[in-house]
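Fold and contact review
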Amino acid sequence: MKNSSDTFKALISHCKEYGYVFPSSEVYDGLGAVYDYGPYGSELKNNIKQFWWNSMVRMHENIVGIDSAIFMHPKIWKASGHVDAFNDPLIDNKTSKKRYRADVLIEDHVAKIEAKIEKEVAKAQKRFGDAFNREEFVTTNGRVLANQEKIDTIMKRFTEATESSNLEEIRQIIIDLEIACPESGSREWTDVRQFNLMFSTEMGSVTSDANKIYLRPETAQGIFVNFLNVQKSSRQKIPFGIAQIGKAFRNEIVARQFIFRMREFEQMEMQFFVRPGDQMKWYEEWKSRRLSWHKALGSPAEKLQFYDHPNLAHYADAAVDIQFQFPFGFKELEGIHSRTDFDLSKHEEFSGKKMQYFDHELDKSYVPYVVETSIGCDRTFLAVLSNAYCEEEVPNAKGGTDTRVVLKIPAALAPVKVAVLPLVNRDGMPEKAGEIIANLKYDFNCQRDDKQTIGKRYRRQDAIGTPFCVTVDTETLENDTVTLRDRDTMEQVRLPINELKAKIGEKVSLNELLKQL
Ligand code: GAP
């Protein structure tokens, strides 16, 4: 049995071998924290995006979508606070010359203490079996309490230092905790400095500061600056939302954990504009709707949790993460933020243009408040795949067992919905397979698979995550029936070819997921 770190490594190599995700520019030894999606990966990603888009735009009469440009006026990033405050605290190790995020070094240290607590819990669980009560154990066990106290003390100091932007104190915490460079083991650290995460480039042919523009670090600002254009052209009344899917760019320093933290990634964001004073009601509403979305996507409830932000950004009056249990622990997958009227007011101030809405019911104008839902498409992709990846023992033809690797991706999201396999490449079977594909391809992404033995082909489709395999055999040629194999149960049923579309359709439709919302 693999531990979660080995399973994660296995998933990463599986993604490469089966055309899900490749390191970008691999022939040139790759580019740090940038990845390319392969044939199956891009299909899965499109399906995730479609599910999100339909759940927002199609399912809500008061949400509309846009597709704004990546390049935007540089003043936008000044107004939003990104030029001055979108920073990470960085520290260099003098021996290895490696650069780290100071906050991550401290968080990793805390994670190690948390792991010690979990080890105690696991030991006790084994000892007491069914009678084990976690809550009681963690509130009474001496070693757990001592470790928890260490964590609380570090986090209190760290929070205070962060809130007061006290970089010297952040460095001192690293020194006091005797944190060593993971590479060299040395404790020789430089000062902590702030580092802006935005990528910049020049627009036009003249290189000068006046022509400096940024690659957007979030899609949200494209929504804010279009707020009135969209509201007027789509005749929406408050409360209403604007949704957008698009690329975002951040010069992440600690870029690791595969596609979890990338320098180029994709966001799916929705800004919901509400009356001032109504924001907490809508914040709670969107927390609940978004959690339901994750469950409909197939994430088990026990792998999802809310995490309230202990420190609120200056523009927010409430913020929560939906965390998912990735193979490396519970981490942020989506953020839900009540952003007040901060962004629209700032754009009013910096652009000199009104960002107000006239509310006929109240007979007055105001700058709307905003509740934002912001989810990473790539992180959702990783959540889906890490939840789907299974290594199972299955019986083989010789009476023993084989290990099969199967991606149990929810059928509606699977890149290929149905593989059509002629049992042999003669006797009219390939032609029959072709006819079946020609009939199904308008409704489903189909694939013909005719190489190697039928057993190997089933394994290959399991590894890709194809929910259904249709096999064309001798009986097909006699009575127009085929076998339909289910990826998860491996059971096969025989049915007439003309029933395939309905049978597969009911299982792979995105609408079935949408109806769960
Ligand atoms: N507009 C709000 C905003 O951008 P955020 O918490 O910085 O909020 C939202 O980002 C989501 O975008 C995160 O929950 C995460 O899923 C995704 N995300 C952020 N940075 C990322 C990165 N470097 N790589 C992949 N996904 C990222």
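Rules used in this analysis
Residues numbered from 1 in each chain as written. Predicted model: local features only at pLDDT ≥ 70, side-chain atom pairs only at ≥ 80, totals over all residues. Heavy atoms only, no water. Helix = DSSP H or I, 4+ residues; strand = E, 2+ residues; numbered from the N terminus. Rg over C-alpha atoms; globule rule 2.2 N^0.38 Å. Buried < 20%, exposed > 50% of the residue type's maximum accessible area, 1.4 Å probe, protein only. Contact = heavy atoms within 4.5 Å. Areas by Shrake-Rupley, 256 points an atom, 1.4 Å probe, with all protein chains shown as cover. Lys, Arg positive; Asp, Glu negative; His and termini not counted. Charge placed at Lys NZ, Arg CZ, Asp CG, Glu CD. Arc of directions from axis to C-beta. Pairing = 2+ DSSP bridges. Axes fitted to C-alpha atoms, helices over the stretch in contact; angles between N-to-C directions. Disulfide = S-S within 2.5 Å. Parallel < 35°, antiparallel > 145°, perpendicular 65-115°, else oblique. Left-handed = near helix turned anticlockwise from the far one by under 90°. Near = heavy atom within 4 Å. Polar contact = N/O pair within 3.5 Å; in protein donor to acceptor, adjacent residues only side chain to side chain. Nonpolar A, V, L, I, M, F, W, Y, C, P; charged D, E, K, R; others polar.

On to the overall build of the protein, then. Per the secondary structure count, the protein includes 18 helices and 23 strands. Relative to its length of 517 residues, the protein is compact, with a C-alpha radius of gyration of 26 Å against a globular reference of 24 Å. Taken along the three principal axes of its C-alpha coordinates, the protein extends 75 × 65 × 55 Å. Per-residue burial over the protein gives 47% buried out of 517 residues. Contacts in the protein between residues at least 24 apart in sequence constitute 65% of all its contacts with a sequence separation of at least 6. Put simply, the protein shows about 25800 Å² of open surface, and 48% of that area lies on carbon and sulfur atoms. Looking at charge distribution, the protein has the averaged site of its 71 positive side-chain charges lying 2 Å from that of its 77 negative ones.

This part takes up helix α10 (residues 227-234). Those residues of α10 that sit buried are Phe 227, Leu 228, Val 230 and Gln 231. Burial along α10 is one-sided: seen end-on, the buried residues are contained in an arc of 165°. Of the exposed residues in α10, those oriented more than 90 degrees away from the buried face are Asn 229, Lys 232 and Ser 233. Looking at the buried residues of α10, the elements they touch are β3 (63-66), α9 (220-224), β9 (240-249), β10 (264-274), α12 (342-351) and β14 (357-359). Downstream of α10 by a residue or two, Arg 235 has a phi angle that is positive, lying close to 50°.

Read from one edge of the open sheet, three strands run β5-β4-β6, paired in antiparallel fashion. Both edges of this open sheet fall to β5 (99-101) and β6 (193-196), since each of them pairs with a single strand only. Averaged over all neighbouring strand pairs, the angle between strand axes comes to 45°, with direction disregarded. Sheet topology places strand β4 (residues 87-92) next to β5; three bridges connect them, and they run antiparallel. What sits directly across from Ile 91, in β5, is Tyr 100.

Attention shifts here to the state of the cysteines. Using the criterion set out here, one finds zero disulfides in the structure. Among the cysteines around Cys 469, which has no disulfide bond, Cys 446 carries the closest sulfur, lying 12 Å off.

In this section: the packing of helix α1 (residues 4-17) against helix α13 (residues 377-388). Remark: α1 packs on α13, axes separated minimally by 11 Å, with the N-to-C direction vectors making an angle of 110°. As summarised for this structure, α1 and α13 are arranged roughly perpendicular, according to the angle between their axes. For the element pair α1 and α13, the recorded crossing hand is right-handed. Between α1, through Phe 8, Leu 11 and Cys 15, and α13, the contact on the second element is made entirely by Leu 382, Leu 385 and Ser 386.

All right, on to the site of the ligand then. Around the ligand, the surrounding shell holds 20 residues, and the nearest of these are Glu 218, Arg 250, Met 262, Glu 269 and Glu 332. A distance of 3.4 Å separates a nitrogen atom of the ligand from a polar backbone atom of Phe 260. At a separation of 3.0 Å, an oxygen atom of the ligand approaches a polar side-chain atom of Gln 267. Taken by itself the ligand offers 560 Å² of open surface, and the protein chains cover 91% of this. At the level of elements, β10, β13 (329-338) and β16 (369-376) are the ones that each hand at least two residues to the shell around the ligand. Considering each element in turn, the shell around the ligand owes the most residues, five residues, to β13. The class makeup of the residues in the shell around the ligand is five nonpolar, five polar and 10 charged.

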